[in-house]
Amino acid sequence: MLRTRRSLRHRATPALLLAPGLLLFLVVIVFSALRTFWISLHAWDGFGPMTWVGLSNYAELWGDPQFWVSLRNNVIWLAVFLLAPPMGLAIALLVNQKIRTMRLAKSLFFMPLVLSTVTVGVIFVWFYDPSYGLLALLFHAFGASPPAVLSSDTWVTFAVVFAALWPQVAFCMILFLAGLNTLDEEIIGAGRVDNARGWQMLRHIVLPQLRQVAFIALAISMIGALRSFDIIAVMTSGGPFGSSTNLAYQMYQESLFSYRFGYGAALATVLFAIMMVFIVWYLLRLLRDERSA
Amino acid sequence: MYPRQIPETRPVARLAYAACVWIVLAVWLLPVFAIMLTALRTLEDVMAGNYWGWPDRINLWGNLVAVFTQTDMLRYFLNSLIITLPSTALVLILSTMTGYVLARHRFPGATLLFATFIAGNFMPQQVFMIPVRDLMVSLGLYDTFGALIIFHVAFQTGFATLFMRNFIAALPNELFQAARAEGASPGQVLVQIVVPLVRPALAALSILLFTFIWNDYFWAIVLTQTDAVKPVTAGLANLRGEWASSWNVISAATLFVAIPPVVMFFLMQRHFVAGLTMGAVKG
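The model shown is predicted, which means the values in this text are computed figures rather than measured ones.

A.B. asks: It is not clear to me how the overall build of chain B should be interpreted in this structure. Could you clarify?
C.D. replies: In terms of regular secondary structure, chain B is built from 15 helices and zero strands. Taken over the C-alpha trace, chain B has a radius of gyration of 24 Å; the compact-globule value for 283 residues is 19 Å, which it surpasses by more than 25%. Dimensions along the principal axes, computed over C-alpha positions, put chain B at roughly 75 × 70 × 30 Å. Burial statistics for chain B: of 283 residues in total, 57% are counted as buried. Accessible area of chain B: about 11800 Å², with a carbon and sulfur share of 67%.

A.B. asks: Please clarify how the UniProt feature "transmembrane region" (unreviewed entry) in chain A should be interpreted in this entry.
C.D. replies: Under the UniProt annotation, the feature "transmembrane region" (unreviewed entry) is placed at residues 12–34, 75–95, 107–128, 155–178, 213–241 and 261–284 of chain A. With 100% helix and 0% strand, the stretch residues 12–34 of chain A has end C-alpha atoms that lie 29 Å from each other.

A.B. asks: Explain the environment of G140 of chain B here, please?
C.D. replies: Residues and elements named next belong to chain B. For G140, the position within the fold is in the loop between α7 (129–138) and α8 (145–169). According to the relative accessible area criterion, G140 is exposed, its value standing at 53%. For G140 and G62, which are 78 residues apart along the polypeptide, the C-alpha to C-alpha distance reads 41 Å.

A.B. asks: What should I look at first to understand helix α1 (residues 11–28) of chain B in this one?
C.D. replies: Given 3.6 residues per turn, any residue in an α-helix points the same way as the ones three and four places further on. With 18 residues, α1 of chain B should reach 26 Å at 1.5 Å per residue; the first-to-last C-alpha distance of 26 Å fits that figure. Inspection of α1 of chain B places R14, A18, V21, L25 and W28 of chain B among the buried residues, and these make up the whole buried set. Across the axial projection of α1 of chain B, the buried residues extend over an arc of 70 degrees, all falling on one side. Seen from the open side of α1 of chain B, the exposed residues pointing more than 90 degrees away from its buried face are V12, L15, I23 and V27 of chain B. At its buried positions, α1 of chain B is contacted by α4 (84–95), α5 (102–114) and α8 (156–180) of chain A together with α2 (30–39) of chain B.

A.B. asks: Just checking my understanding: could you explain the UniProt feature "domain: ABC transmembrane type-1" (unreviewed entry) in chain A for this structure?
C.D. replies: Per the UniProt annotation, the sites labelled "domain: ABC transmembrane type-1" (unreviewed entry) are residues 70–284 of chain A. Span residues 70–284 of chain A is 73% helix and 0% strand, its end C-alpha atoms 29 Å apart.

A.B. asks: I'm lost on the domain arrangement of chain B in this one. Help?
C.D. replies: All names here are of chain B. For chain B, the domain assignment lists domain 1 (11–68) and domain 2 (72–277). Relative to domain 2, the C-alpha centre of domain 1 lies at a distance of 33 Å. Every contact between the two is made by 15 residues of domain 1 and, on the other side, 13 residues of domain 2. Here domain 1 and domain 2 share an interface that buries about 1200 Å² over both sides, 78% of which is from carbon and sulfur atoms. Taken as a group, I35, V67 and F68 account for 42% of the area that domain 1 buries against domain 2, more than any other trio of residues on that side. At the boundary of domain 1 with domain 2, the tally comes to zero salt bridges. Taken together, the links from domain 1 to domain 2 amount to one residue pair in polar contact (both at pLDDT 80 or more). If you list the elements that add at least two residues to the side of domain 1 that touches domain 2, you get α2, α3 (43–47) and α4 (60–70). The leading source of residues in the side of domain 1 that touches domain 2 is α4, at five residues. Here the side of domain 1 that touches domain 2 is composed, by residue class, of 11 nonpolar, three polar and one charged.

Definitions and cut-offs
Residues numbered from 1 in each chain as written. Chains lettered and ligands numbered in written order. Predicted model: local features only at pLDDT ≥ 70, side-chain atom pairs only at ≥ 80, totals over all residues. Heavy atoms only, no water. Helix = DSSP H or I, 4+ residues; strand = E, 2+ residues; numbered from the N terminus. Rg over C-alpha atoms; globule rule 2.2 N^0.38 Å. Buried < 20%, exposed > 50% of the residue type's maximum accessible area, 1.4 Å probe, protein only. Areas by Shrake-Rupley, 256 points an atom, 1.4 Å probe, with all protein chains shown as cover. UniProt positions renumbered as here; feature names shortened; annotations may be inferred. Expected span 1.5 Å × (residues − 1). Arc of directions from axis to C-beta. Contact = heavy atoms within 4.5 Å. Domains from an automatic or database assignment. Buried area = accessible area lost by both parts, 1.4 Å probe. Salt bridge = Lys/Arg side-chain N within 4 Å of Asp/Glu carboxyl O. Polar contact = N/O pair within 3.5 Å; in protein donor to acceptor, adjacent residues only side chain to side chain. Nonpolar A, V, L, I, M, F, W, Y, C, P; charged D, E, K, R; others polar.

Given below as structure tokens:
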């Protein structure tokens, strides 16, 4: 009797501990993600009843030029964010010296990461200002007339992505600095004995040891690129004329401004699908590493 | 260490190197200096196009007074605290419990559950927007602190569980075996062994969560409407519309918004960095 009661308690407690966090997560996050897919099969204004329309939201997406603009911009975000890991590594190598004031310099390099994206957006709108911004001053210094990057449909996405790259590089730098501190001193020493220098040393001895960190920096950058929204909302609101929207931003506009929640949900589902590719890749690697550890 | 260290015996080279790093840093932080300098200016100075020169008169106080008396930034600031502090505390409690179970108890579906937490945490948050907004409307929570707190707690619990699970899994196994041998129940193990040992993890996690939640903008504009509940990020974005060319006031407000996360970061820098890199670097 005593034994069964005890074993029951030993089994029940973990379940009870797991329950609140798990339930909240399942209801608010997992269920919502699935429900987004369900809503994408309907026409819905967000208030009234939903009408089943099957895949016609997706068919409409295919013919919607704005969707292709958003998709192209998502690709630009991904491509430019590929720069974050190498730039982060470069800064990490630069500051990884035991010299006085270097610790303070490191923390100041991290700073963009702590600022909110809204702050970063406001700062860069200021930076890109075509009459007095720093970019304009640089152009004037070379005798050129400065472009209004935020109102040019060619440059606007690049201008926004470069602003977003700033904190992302800081993030990658933190990861690489931590990685550099776990390097195997013996292998480095052996490399030095063999006269490996500079680029060779980095390429053949240091980088192989940083593979795990580089992978995480890359994965986090790709995810960051796909979920970007705040900085677009703050800097351009998707403009001029919708040329800087991405899937996340277009989805927000279609739902909350045009009251086309079904169509918005279809956009969200496409974003979900693209993200799933990256997440599965990440999870498979993570589980493999965990097994082998 | 890599790169090769400049030896102590070459003080001039060390000094020159440090100087170079600080120059790069100055360029790196140029946008921040611009905002700081602008927060010091008068409106006439801004209007005259003096964006990068020294301010003609230091007017930081005047700009701050404008932020506090002519805008609702103080209200938004309090709102942000009301949202961020309880959310952070709740996530810490929930994730210690879930992380402990996932790290120390084997049960069918544990890997799947773990994968779900990771996947949910990496999803672009826009994917949940429509259903979460609908859920909050039907619960009568739309445009209340509750809506934001519930969402942040649910979402961050995914990340935090991951974090705590990895930390608790790395604790020495002998402790748990000894406790089990003495007949301690899972609840006792959690309270008497896990909680005292995870304090560093909780410190790191709390500063990360505080920063994430404080800096949220997307849910602020999706789940709130009125000034009474709007957090400071949404408030700042509004301010840009209302004070279009008063960059001196906008800059002062921008600095004000950035203060809590930056102060937290400098006070608890070690924890912040440890938090971000934990799991990323397993040696």
